[in-house]
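Structural description and commentary
Spelled out from the first residue to the last, the chains are:
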Amino acid sequence: MDRQPKFKPQSESRFFADGNTDRPNPANVVARGRSVEADARFLGEDDHMYRGYSGALGLPDNTQWLRGFPEDVDVSQTFLQRGQERFTIFCAPCHGALGDGNGITKQYGMGATPTFHSDRIRDMAEGEIFNTITNGRNTMFGYADKIQPADRWAIVAYVRALQRAQQGTVDDVPAANRSELGL
Ligand code: HEC
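I will try to describe carefully the structure that is included in this document. (Residues numbered from 1 in each chain as written. Predicted model: local features only at pLDDT ≥ 70, side-chain atom pairs only at ≥ 80, totals over all residues. Heavy atoms only, no water.)

Concerning the packing of helix α7 (residues 126–135) against helix α8 (residues 149–166)
Packed helices, taken two at a time, are described by the angle between their axes plus the distance between the axes. Where α7 meets α8, the axes come as close as 9 Å, and the angle between the chain directions of the two elements is 125°. Considering their axes alone, α7 and α8 lie oblique with respect to each other. Like other packed secondary-structure pairs, α7 and α8 cross with a definite hand, here right-handed. Residue-level inspection shows Glu-126, Gly-127, Ile-129, Phe-130, Ile-133 and Thr-134 of α7 in contact with α8, the latter providing Pro-149, Arg-152, Trp-153, Ile-155, Val-156, Val-159 and Arg-160. Looking at the contact of α7 with α8 residue by residue, the class counts come to 8 nonpolar, 2 polar and 3 charged. (Axes fitted to C-alpha atoms, helices over the stretch in contact; angles between N-to-C directions. Helix = DSSP H or I, 4+ residues; strand = E, 2+ residues; numbered from the N terminus. Parallel < 35°, antiparallel > 145°, perpendicular 65-115°, else oblique. Left-handed = near helix turned anticlockwise from the far one by under 90°. Contact = heavy atoms within 4.5 Å. Nonpolar A, V, L, I, M, F, W, Y, C, P; charged D, E, K, R; others polar.)

Some points on the packing of helix α3 (residues 77–90) against α8
With their axes 7 Å apart at the nearest point, α3 and α8 run at an angle of 90° to one another. By the angle class used here, α3 and α8 are roughly perpendicular. Across the interface between the two elements, Phe-79, Leu-80, Arg-82, Gly-83, Gln-84, Arg-86 and Phe-87 of α3 pack against Ala-150, Asp-151, Trp-153, Ala-154, Ile-155, Ala-157, Tyr-158, Val-159, Ala-161 and Leu-162 of α8. Class assignment for the residues of the contact of α3 with α8 results in 12 nonpolar, 2 polar and 3 charged.

The following block contains the structure:
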C-alpha cells in the first residue's frame, strides 16, 4: 500500500496548477458523515439555521429547541413549493403525501410511521422537526447527507402547511369563495 502511485493528503503536486494535491470542494457540496453540530461549526455560526436548538452541543433537552424559522429563511410561496417537492421525494414514501403516516412503505409492512396530525407534533418546535430531519429518530434515518439545511427548513415549512391544511375551517376561505363550497 505504501508503494503505489497516489497523492498523499496536503502534499505537493506538479499535476494541478495550484501545486496542491488537495482539491477544493466543488460548489454546493454537502458534508457527509458528520453530525449537524459539526456542520454548525464548519458551515456557519447560526444555531437556528444549522442545528434547530440553542446552547451546548450534544443531545438537546426540551428547553433548547428553537421555535419559528431562522432569520435567513424567507417562508415564501416558492420556498413552500420547494419544500413540497423535497417532502414528496424524501418523506412521503413513509409519512404519506398528507403527512398522515400512510405512505407506500406501510403496504410493505412498515407500520410505525407517525402522523404529523397529532397535538404533540403540531406543538413541536420547528427546530425539533429540523433536528429530526437532520439526525433522524429511532428507526427513522437522518437526512443530513442528502438534504441541505435550507431545504430541511423548506420541508419543515411544508410540514406546517400540511398540518394547517387538516385544521382548516370555513373562516380560512375568503368570503367571496364560500359559495363554491355549497355552504
Ligand atoms: C423510511 C421511512 C421514513 C422516511 C423516509 C421519513 N420518516 Fe420520519 N419517521 C419515520 C418513523 C418510523 C418515525 C418514528 C420514529 C420513532 O420511533 O420515534 C418517524 C418520525 C418522524 C417525526 C416525529 C419525530 C418525533 O419526535 O416523534 C417527524 C417530525 C418526521 N418523522 C419527519 C420526517 C420528515 C420531514 C421526513 C423527510 C425528510 C421523514 N420524516 C422521512 C419514518 C420515516
